[in-house]
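Next come the chains, spelled out residue by residue.
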Amino acid sequence: MTAKIIDGKVISDFFRAEYKRRVDRLASSGIRPGLAVVIVGDDPASQVYVRNKAKACESIGMYSEVHPLPSTTSQAALTAFVETLNARPEIHGILVQLPLPKGLDDRAVIEAIAAEKDVDGFHYANMGALVIDESPYPPCTPYGVMKMLEYEGITIEGKHAVIIGRSNIVGKPQAMLLLKAGATVTVCHSKTQDLPAFCRSADILVAAVGRPNFVEGHWIKPGAVVIDVGINRLPDGKLCGDVDYHSAAEVASAITPVPGGVGPMTITMLLGNTLHAAEATLPNAVGMETRLA
Ligand code: NAD
C-alpha cells in the first residue's frame, strides 16, 4: 500500500480562506480580530515563529502586534505587561512565546493571561474545560490534527487512537480531543513498555516525541492513519518528523509529511482561536459547542 499524503498546506489554506471570510464579516460590525504576541529574550528560532504568526494574521486581515521584551525582564514586569494586554479591548488574543528564558515561570505567566484571551489554550481554565467538556480554545497543534482528520473525512469514532507523547501542549490535549471525538485512546510515553506493540494496534497513530524518524514502518498496522507532529532538525539542516516517512508510507493508508503536514495547521488554528475570541465579543456569539461538530 502507498499512503495518501495528507497535505497540511492545502488544508491550512482551506481553513484560512474560511477564517478570512469570517474576518471580513466581523469588519462589518467594526471589529478586527487582534493578536498580541509577547516574546522574551533573543532565541532566534522563537523569533522566526513569532514573525510567522504575525505575518499569518495579516494575511487574512487580522491585526497583530509583537512585543519583544529583554531577557532581563522580571516575572513581575512580565505579568504586569500581560495585564495591560488583558485590559485592551482591541486585543482579543494574547500569546506568550514559550519556553521563557531561565528564571521566568511559564505557568505563572500563562495564568496571568485572561482566560478569554488565552488563544494558545494553555490556561488552567481552558485546559480544565478541555477535560470536562470543551475548551473555547483547544491547543493549536492537537486542534490542527483534529481539523486535518475532519477535512480528510477520516472516521474517528470507534477507532483506536494511539498517541506517543504526553506533553501538555500536544499529547495530553490530543488525547482529550480524540476521546471526545469517540476514539478509544492510548497515550504512550518514555516509560511505556513495548511501544511497537501499542503502535501496531493503532488505527490512528499520532507521534509527538521529538526524535527523528523514531517510529518505524513495521510498527504500523496496515491501513492505519499516521499523523506526525514531530519537527526535528537533522545535522544537514533538513527537517524531519518523528516517523520514518518512507517505510511508514508503505504500510499506512494516509500519512502527514514533515515539513508540510501538521506544522502549517498549528498557526492556522491560532488564527482560528483568535478569530473566535473576537467573535465571542459580539452580542449573541455562537457557543463553542459547534466548533468541533
Ligand atoms: P516534549 O519533549 O514536551 O514531549 C515529548 C514526549 O515524548 C514526552 O511526553 C515523552 O514521554 C515522550 N517520549 C520521549 N521519548 C520517548 C520514547 N523513547 N518512547 C516513547 N515516548 C517518548 O515534546 P512536545 O512539545 O510534545 O513536542 C513533540 C514533538 O512535536 C517535537 O518534535 C516538537 O518539535 C513537535 N511539535 C510540533 C508542533 C507543530 O506545530 N507541528 C507543535 C508542537 C510540537
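Scroll up to find the structure this text is about.
Residues numbered from 1 in each chain as written. Predicted model: local features only at pLDDT ≥ 70, side-chain atom pairs only at ≥ 80, totals over all residues. Heavy atoms only, no water.

Notes on helix H2 (residues 44–59)
Note the cut-off: A run of H or I in DSSP becomes a helix once it reaches four residues, and a run of E becomes a strand once it reaches two; helices and strands are each numbered from the N terminus. By definition here, a helix of n residues has an expected span of 1.5 Å times n minus one. Burial classes: relative accessible area under 20% of the type maximum marks a residue as buried, over 50% as exposed, and values in between as partly exposed (1.4 Å probe, protein chains only). In this description, one arc is meant: the one made by directions from the helix axis to the C-beta atoms. For this analysis, residues touch if any pair of their heavy atoms sits within 4.5 Å.
When the terminal C-alpha atoms of H2 are compared, their 23 Å separation across 16 residues agrees well with the 22 Å that a helix rising 1.5 Å per residue should span. Taken together, the buried positions of H2 are occupied by Ser-46, Val-50, Lys-53, Ala-54, Ala-56 and Cys-57. Taken down its axis, H2 places every buried residue within 160 degrees of arc, on the same side. Along H2, exposed side chains directed more than 90 degrees from the buried face belong to Pro-44, Arg-51 and Lys-55. Tucked into the core, H2 has its buried residues touching helix H1 (8–27), strand S2 (34–40), strand S3 (63–69), strand S4 (93–96) and helix H10 (262–279). Of the residues flanking the end of H2, it is Gly-61, one or two places downstream, whose phi is positive at about 85 degrees.

Details of the pattern of salt bridges
For side chains of opposite charge, pairing can occur when their charged atoms come near one another. The following threshold applies: The working definition used for a salt bridge is a side-chain nitrogen of Lys or Arg within 4 Å of a carboxyl oxygen of Asp or Glu.
Taken as a whole and assessed by the stated rule, the structure comprises 11 salt bridges. Glu-150 serves as the salt-bridge partner of Lys-147, at 3.5 Å between the closest nitrogen and oxygen. Residue Lys-147 and its partner Glu-150 are located together in helix H6 (residues 140–151), separated by 3 residues, close to a single helical turn. With relative accessibility at 7%, the residue Lys-147 sits in the buried group. The exposure class assigned to Glu-150 is partly exposed, which follows from its relative accessible area of 39%. Three or more residues joined by partner-sharing salt bridges are found here, namely Glu-18, Arg-22 and Glu-279.

A few points about the side chain of Thr-73
Mapped onto the elements, Thr-73 comes out in the loop between S3 and helix H3 (75–86). Overall, the relative accessible area of 12% leaves Thr-73 in the buried class. Those residues within four positions of Thr-73 in sequence are excluded, and the remaining contacts are Val-40, Leu-78 and Leu-104.

Observations regarding the site of the ligand
For clarity, the cut-off: Definition of nearness: a residue and a molecule or strand are near each other if at least one heavy atom of the residue lies within 4 Å of the molecule or strand. N or O atoms within 3.5 Å of each other form a polar contact, as long as, within protein, one can give a hydrogen and the other can take it, and as long as residues adjacent in sequence are counted only when both atoms are side-chain atoms. When residue character is reported, Ala, Val, Leu, Ile, Met, Phe, Trp, Tyr, Cys and Pro are called nonpolar, Asp, Glu, Lys and Arg charged, and the others, Gly included, polar.
Contacts to the ligand come from 22 residues, most closely from Arg-166, Ser-167, Ser-190, Arg-211 and Thr-266. Within the contact set of the ligand, an oxygen atom lies 3.0 Å away from a backbone nitrogen or oxygen of Ser-190. Take Arg-211: an N or O atom from its side chain is 3.0 Å from a nitrogen atom of the ligand. No other element matches the 3 residues that H10 contributes to the shell around the ligand. Of the residues in the shell around the ligand, the class split is 10 nonpolar, 10 polar and 2 charged.

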